[in-house]
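Observations on the three-dimensional arrangement
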Amino acid sequence: MSNNDFLPFSRPTISQAAIDEVVDCIKSGWLTTGPRTKKFEEMLQAYFQAPHVLALTSATAGLHLALLALNMQPGDEVIVPAMTFVGTFNTIVLAGGKPVLVDVDLKTYNIDPVEIEKAITSKTRAIMPVHLTGLSADLDAIYAIANKHNLRVIEDAAQAIGTKYKNKLIGTFGDTQIFSFHPNKNMTTGEGGCVVTRDDAMAKTIKVMRFHGIDREAFNRFSKEGSQHYDVIAPGLKYNMLDMQAALGIHQLPELEKFNARRTVLAQRYYELFKDWPEFTIPPNPKTVEGHSWHLYAPLINPDKAGIDRDGFLQQMKENNIGIGLHYDAPHLYKYYREKFGYKKGDFPNAETIGEHVMSLPLFPLMTEADQDRVVKTARMIFDKK
């Protein structure tokens, strides 16, 4: 990639085998949920060593269905970190519940277990930790609190495919996890996601609710051996994964470990290049953080040292053909959540500090050291570093 080309903050790695699989899928005439989706689910089930894996259109769909499976009642509360993508909040509202926000740790950006305990009421139904940037939340503390208060734990693992917690792969233990396969994630199906759960009843509910509440999948109805007749046992949704999506996933999953290893190498190199820069508060040294999948490399800018605020920095990087992500503004300050739940500036200081200063630097497996040097050189120019 030349210095004149736009360097995106993320770019998927798609093999020729995956492209061929998608083409074969299209040529087969079976585009929607079918044999490739089933195969992908079986691969994920083996990867997570879990009894139930359900492929869906997105992680948002997974969060929504997992909460619906809890049969949320009006007024039921779900505790969530104040720093996350707004979709985490939205799914709670859509499931009929109330998101109860708690502040995050300023170093990890993840939910603070001490704050969880303070937020529990008689209406609390679940805790929804988010493994932000690919770094696991403190699951021992979270599950201890959940067990003490008889709460469910629905892990928003959208950014954590391949992440480990104390040498255990996220998704291989605990209650329920939801993963994303969006194009900027560590592996992709274009759009897509999955629910991993050890709850038989939840899996049964999601399987029905992901396709109109119909009691059997299209592949079982429209194949030669199938029957056109079906029953509807609930007013379901339309969250089923397509075979065209699964065709990518079938080839992405075996490469995930390699993708994450490359991300870690690049994250380590960023650390070494930026460790003496006062303009940034950078993520931890990858050598000291086991299990991080490095979905994002997200430093905080220090405007007093940098001479520029985060938004100004983003704009100047873009003008120099460097793509930077913003993950995320503090979502409790969005209009809907201010007006609906009365959240205001000052409620969650750590989340707000992150939201005002955070950025995601380019990081993806196809990125070269020369690309990374370009990022650093451009930042140095903006900060007028000699």
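Report on the accompanying structure. Please read all numbers here as calculations on a predicted model, not as lab measurements.

**Considerations on the overall build of the protein chain**
Broken down by element type, the protein chain carries 15 helices and eleven strands. Radius of gyration (C-alpha) of the protein chain: 21 Å, near the 21 Å computed for a compact globule of 386 residues. Each of the three principal axes of the protein chain carries a C-alpha extent, and together these read 70 × 55 × 40 Å. Looking at the protein chain as a whole, 55% of its 386 residues qualify as buried. Counting every atom, the protein chain has about 16,800 Å² of accessible surface; 52% of that belongs to carbon and sulfur. Here the protein chain holds 43 positive side-chain charges and 45 negative ones, and the gap between their average locations is 1 Å.

**Here we look at helix α4 (residues 86-94)**
Residues separated by three or four positions in an α-helix point in the same direction, a consequence of the helix having 3.6 residues per turn. All buried positions along α4 are accounted for by Val86, Gly87, Thr88, Phe89, Thr91 and Ile92. Buried-residue contacts for α4 involve α3 (59-68), β2 (77-81), β3 (98-102), β5 (152-156) and α13 (335-341).

**Section: the packing of aromatic side chains**
Evaluated as defined, the whole model comprises 20 aromatic pairs. Residues Trp277 and Phe383 carry aromatic rings whose centres are separated by 6.1 Å and whose planes lie at 70° to one another, so their mutual orientation is edge-to-face. On the criterion of sequence distance, the pair formed by Trp277 in the loop between α10 (256-274) and β10 (280-281) and Phe383 in the segment after α15 (369-382) is long-range, its members being 106 residues apart. Residue Trp277 is classed as buried on the basis of its relative accessible area, which comes to 6%. Since its relative accessible area comes to 8%, Phe383 is described here as buried. Between the aromatic rings of Tyr336 and Phe341, the centroid separation amounts to 6.4 Å while the plane-to-plane angle is 80°, which identifies the pairing as edge-to-face. The class for Tyr336 is partly exposed, based on a relative accessible area of 40%. Here Phe341 falls in the partly exposed class, since its relative accessible area comes to 22%. Site record: aromatic cluster; members linked through ring pairs are Tyr270, Phe274, Trp277, Phe280, Trp294, Tyr297, Phe313 and Phe383. If you follow Lys168 out to its NZ or CZ, it ends over the ring of Phe173, 4.3 Å from the centre.

**Digging into the nonpolar core**
With 44 residues, the main nonpolar core has Val78, Met83, Met128 and Ile154 as its most contacted residues. With six residues, α3 is the largest single contributor of residues to this core. With residues up to four places along the chain from it excluded, the contact list for Met83 reads Val104, Tyr109, Leu132, Tyr328, Asp329, Ala330, Ala351, Ile354 and Gly355. Counting 39 residues, the second largest nonpolar core, distinct from the first, contains Leu44, Ile116, Ile120 and Ile142.

**Remarks on the packing of α3 against helix α7 (residues 200-209)**
Orientation of α3 relative to α7, taken along the N-to-C sense of each, is 125°, at an axis distance of 9 Å. With respect to their mutual orientation, α3 and α7 come out oblique. Considering only the axes of α3 and α7, their crossing is right-handed. Listed contacts from α7 to Leu65, Ala66 and Leu68 of α3 are Met202, Ile206 and Met209. Residues that form the contact of α3 with α7 fall into these classes: six nonpolar, no polar and no charged.

**Details of the pattern of salt bridges**
A full pass over the atoms with the stated rule returns 17 salt bridges. Linking Glu369 and Arg262 is a salt bridge whose minimum nitrogen-to-oxygen distance equals 3.2 Å. Taken together, the positions of Glu369 in helix α15 and Arg262 in helix α10 put the pair 107 residues apart, joining distant regions of the chain. Given the relative accessible area of 31%, Glu369 is considered partly exposed. Residue classification places Arg262 among the partly exposed positions, given a relative accessible area of 21%. Close ionic contact of Asp347 with Lys344 constitutes a salt bridge, the shortest N to O distance being 3.1 Å.

**Describing the sheet that holds strand β9 (residues 193-197)**
Reading across the sheet, the seven strands line up as β1-β9-β8-β5-β4-β2-β3 and stay open at both edges, with mixed pairing between neighbours. With one partner strand each, in any of the chains shown, β1 (52-56) and β3 form the two edges of the open sheet. When the angles between neighbouring strand axes are averaged without regard to direction, this sheet yields 25°. Across five bridges, the pairing between β1 and β9 is antiparallel. Considered in β9, the bridge of Ala55 is made with Cys194. Each of β4 (124-127), β5 and β8 (176-180) is contacted by helix α6 (residues 139-149), which is oriented at about 150° to β5, the strand it contacts most.

**Side note on a nonpolar patch on the surface**
A surface patch of nonpolar side chains, amounting to about 200 Å² of accessible area, comprises Ile14, Ile19 and Val23. Relative to the assigned elements, Ile14 resides in the segment before α1 (16-28). What makes Ile14 partly exposed here is its relative accessible area of 32%.

Reading the values: the criteria
Residues numbered from 1 in each chain as written. Predicted model: local features only at pLDDT ≥ 70, side-chain atom pairs only at ≥ 80, totals over all residues. Heavy atoms only, no water. Helix = DSSP H or I, 4+ residues; strand = E, 2+ residues; numbered from the N terminus. Rg over C-alpha atoms; globule rule 2.2 N^0.38 Å. Buried < 20%, exposed > 50% of the residue type's maximum accessible area, 1.4 Å probe, protein only. Areas by Shrake-Rupley, 256 points an atom, 1.4 Å probe, with all protein chains shown as cover. Lys, Arg positive; Asp, Glu negative; His and termini not counted. Charge placed at Lys NZ, Arg CZ, Asp CG, Glu CD. Contact = heavy atoms within 4.5 Å. Phe/Tyr/Trp six-rings, centres within 6.5 Å; stacked < 30°, edge-to-face > 60°. Lys NZ or Arg CZ within 6 Å of the ring centre and 35° of its normal. Core = buried A, V, L, I, M, F, W, Y, C linked by side-chain atoms within 4.5 Å. Axes fitted to C-alpha atoms, helices over the stretch in contact; angles between N-to-C directions. Parallel < 35°, antiparallel > 145°, perpendicular 65-115°, else oblique. Left-handed = near helix turned anticlockwise from the far one by under 90°. Nonpolar A, V, L, I, M, F, W, Y, C, P; charged D, E, K, R; others polar. Salt bridge = Lys/Arg side-chain N within 4 Å of Asp/Glu carboxyl O. Pairing = 2+ DSSP bridges. Patch = residues over 30% accessible without salt bridge, like charges linked within 9 Å, V, L, I, M, F, W, Y side chains within 5 Å.

Any functional reading would require information that these geometric values do not contain.
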